[in-house]
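Structural overview
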Amino acid sequence: MTVESTAARKPRRSAGTKRTAAKKPPGSQPDLVQLLTPEGKRVENGEYDAYVADITPEELRGLYRDMVLTRRFDAEATSLQRQGELGLWASLLGQEAAQIGSGRATREDDYVFPTYREHGVAWCRGVDPANLLGMFRGVNNGGWDPNSNNFHLYTIVIGSQTLHATGYAMGIAKDGADSAVIAYFGDGASSQGDVAESFTFSAVYNAPVVFFCQNNQWAISEPTERQTRVPLYQRAQGYGFPGVRVDGNDVLACLAVTKWALERARRGEGPTLVEAYTYRMGAHTTSDDPTKYRADEERQAWEVKDPIQRMRTYLEDSNHADEGFFAELEAESEALGKRVREVVRAMPDPDHFAIFENVYADGHTLVDEERAQFAAYQASFADEGEGK
Amino acid sequence: MTAEKMALAKAINESLRTALDADPKVLIMGEDVGKLGGVFRVTDGLQKDFGEDRVIDTPLAESGIVGTAIGLALRGYRPVVEIQFDGFVFPAYDQIVTQLAKMHARALGKIKLPVVIRIPYGGGIGAVEHHSESPEALFAHVAGLKVVSPSNASDAYWMMQQAILSDDPVIFFEPKRRYWDKSEVNREAIPGPLHKARVVREGTDLTLAAYGPMVKVCQEAAAAAQEEGKSLEVVDLRSMSPIDFDSIQASVEKTRRLVVVHEAPVFLGTGAEIAARITERCFYHLEAPVLRVGGYHAPYPPARLEDEYLPGLDRVLDTVDRSLAY
Ligand SMILES: Cc1ncc(C[n+]2csc(CCOP(=O)(O)OP(=O)(O)O)c2C)c(N)n1
């Protein structure tokens, strides 16, 4: 915080002016890193341009494609929930740029620790979108092998995974490897003790971890102001590592800033906090009713900053994509929606004995005993049925 | 005023309203309890009527919620905090177990900790993981905490009043799958003591003991058994710490058989304690060992398997038959 000089203290407010511009504290980060304006214009940024300088038109189209397909997947999941095929869905609508930009910044050997909304990051890691749906359908409590894509299981207990990410990163450092870790969490999660502790550990052990906070402005009904009185990215300073706020609806800026942070981590320079400033366009989950706590105008104000439209304008204006590309993508998107629908509808209920599977790696006599009792109980119904 | 029919969630809401009205020191705290009225709407409308100073939306931090509630209680307030779901109480478990439970004893009885911790618990609503658990034994095991759970709207209304008036910390487990069940609430009745069990159905052949969400299952089981000519008594424990062993004993001395039913895992659960005590107290009365029905020694399963995991009518009746076969 700035220390005001005691001499010549000026009145806080002079008549007529409501507020004087707050002076930025020395060493503070620029407010919002942006490479694409909401109107889709490319703007220069001395510090971060270098991280997207060699990006090809094909890669740019790829980012757009990722966002469109992720949104389509998300919309499909939302409607599958409405049709009773899923018990719950946590939509990422509006957060595509934050997730695709950061997800595409990761290397194959990096490790990702998501929360429960990172469907776009999962997409970037090559996790089959259908796998994400099992837990929301209620057929499993995870649904994929974290090691096959270096993408950890979704974590529902808020903030827990930031410590796992930090520990994993500490392990990478011990191994002398140059991979990095990225941990996702929300603005609400920033209040949890676990998150504060992960900041402490990562700073103390100089762990190669990037904390990627998607500030979507809400934690269910609580606005970010109910979690913090300073911009979240500024928290990092108190722990001794850099924090940066990026326009979370700007996929290029998210890519550039995350690359920068991951490279710092690889070089052994320790953790970074990235705050992607974005917006949750829909409800918290399909069980939530945002009309109870937020105004429609707020959503409308964010709609014009839509991450996908912004990228499309840029691609069109810079002649990096033609009508054919968009038409093809539309067809691809339809096909993805159809496939997701089919896969979910065909997803079988788990075998009853799954309850007793994988409770322990080494086995356990109590579980064996209860499984046997369960089997006998189930069999008693089968016998009755046959008798009839 | 006579009795009104209301849902269990509404009864808690009315009870909190009554408490806020009666005592300016009562506070409601938790995530989303204000404008949203909680994810189950249990605190609906309270912030509107009592203001943000009395009904406090907190940061998303359970250790913070309970830890600050302890401080507020030390300062003379009576906080009623909400933990959003059973599985999210654990960030606060340290504060509850190492601090809240023990402070009265450590201060030689000179300070009181009238904190109520409301936890919607249990399964049966098709939720994702950490939203369906029954961790009551983990709290009942800790000296210094009282642990209760109502099974119907009337108890919910009265037990919440009593919990708030208690000078001890109370862990108040709310059976979330019964939130929408309606029953009569008489606000002028004089309630029984908070920790007294109640016979909710009389019977002669066997006692079913349960609490919270399982009381209804046991009542249904008793009704089904009646058709087969078996007379089952159902005891609603209402409190898991302390447990009213006298009432269970009285019932078992009559019926000579006991089956304890809860959603939580059987292993080292509330039922284990009851089985041990009742065996001690009623050894010569018992015609069969005390049997238990509950969850398995496995993580709470995904929603599509919860019907196999949770005790239902068939499992209760199957166990009743086993007991009667001795
Ligand atoms: C420890 C814990 N407490 C409460 C909850 C219930 N809950 C689920 S999501 C959520 C809000 C999370 O907000 P934020 O961290 O900003 O992430 P967002 O969902 O907005 O992406 C809450 C309170 C939980 N899952 N875990």
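One can find the structure itself at the top, above this paragraph.
All values derive from a computational prediction rather than experimental measurement.

Around the ligand sit 20 residues, and of these Tyr116, Arg117, Ile156 and Gly188 of chain A together with Glu62 of chain B come closest. A distance of 2.7 Å separates an oxygen atom of the ligand from a polar atom in the backbone of Gly188 of chain A. His284 of chain A is positioned such that a nitrogen or oxygen atom in its side chain is 3.4 Å from an oxygen atom of the ligand. Protein chains bury 95% of the 580 Å² of accessible surface belonging to the ligand in isolation.

Further remarks concern the side chain of Arg315 of chain B. Positionally, Arg315 of chain B belongs in helix H12 (residues 313–324). Of the buried charged residues, Arg315 of chain B lacks a salt bridge, with Asp318 of chain B as the closest side chain of opposite charge at 7.4 Å. Beyond its immediate stretch of four places on either side in the chain, Arg315 of chain B contacts Tyr377 of chain A together with Val293, Gly294, Tyr296, Glu308, Tyr309 and Leu310 of chain B.

What follows is about the nonpolar core. Residues Met311 of chain A together with Ile96 and Ile117 of chain B are the most contacted members of the largest nonpolar core, which totals 151 residues. No other element matches the 11 residues that helix H9 (residues 251–266) of chain A contributes to this core. Discounting residues that sit within four places of it in the chain, Ile117 of chain B has contacts with Val66, Val81, Ile83, Ile96, Leu100, Val170, Ile171 and Phe172 of chain B.

Moving on to the sheet that holds strand S7 (residues 272–277) of chain A. Residue and element names in this part refer to chain A. Taken together, the 5 strands give an open sheet; going across it, the order is S1-S2-S3-S7-S6, and neighbouring strands pair in parallel fashion. Looking along the sheet, the strands with just one partner apiece sit at the ends: strand S1 (111–113) and strand S6 (243–247). Sheet twist, expressed as the mean angle between neighbouring strand axes with direction ignored, is 20°. Sheet topology note: the S6/S7 ladder contains 5 bridges and is parallel. Within S7, the position partnered with Val244 by the bridge is Val274.

What follows covers the packing of helix H2 (residues 96–105) of chain A against H9 of chain A. Residues and elements named next belong to chain A. Their axes nearest at 7 Å, the elements H2 and H9 cross at an angle of 40°. Between H2 and H9, the angle is such that the two are oblique. Of the two possible hands of crossing, H2 and H9 adopt the one that is right-handed. Seen from H2, the contacting residues are Ala97, Ala98, Ile100, Gly101, Ser102, Arg104 and Ala105; seen from H9, they are Val251, Cys254, Leu255, Thr258, Lys259 and Leu262. For the contact of H2 with H9, a count of residues per class yields 8 nonpolar, 3 polar and 2 charged.

What counts as what
Residues numbered from 1 in each chain as written. Chains lettered and ligands numbered in written order. Predicted model: local features only at pLDDT ≥ 70, side-chain atom pairs only at ≥ 80, totals over all residues. Heavy atoms only, no water. Near = heavy atom within 4 Å. Polar contact = N/O pair within 3.5 Å; in protein donor to acceptor, adjacent residues only side chain to side chain. Areas by Shrake-Rupley, 256 points an atom, 1.4 Å probe, with all protein chains shown as cover. Helix = DSSP H or I, 4+ residues; strand = E, 2+ residues; numbered from the N terminus. Buried < 20%, exposed > 50% of the residue type's maximum accessible area, 1.4 Å probe, protein only. Lys, Arg positive; Asp, Glu negative; His and termini not counted. Salt bridge = Lys/Arg side-chain N within 4 Å of Asp/Glu carboxyl O. Contact = heavy atoms within 4.5 Å. Core = buried A, V, L, I, M, F, W, Y, C linked by side-chain atoms within 4.5 Å. Pairing = 2+ DSSP bridges. Axes fitted to C-alpha atoms, helices over the stretch in contact; angles between N-to-C directions. Parallel < 35°, antiparallel > 145°, perpendicular 65-115°, else oblique. Left-handed = near helix turned anticlockwise from the far one by under 90°. Nonpolar A, V, L, I, M, F, W, Y, C, P; charged D, E, K, R; others polar.

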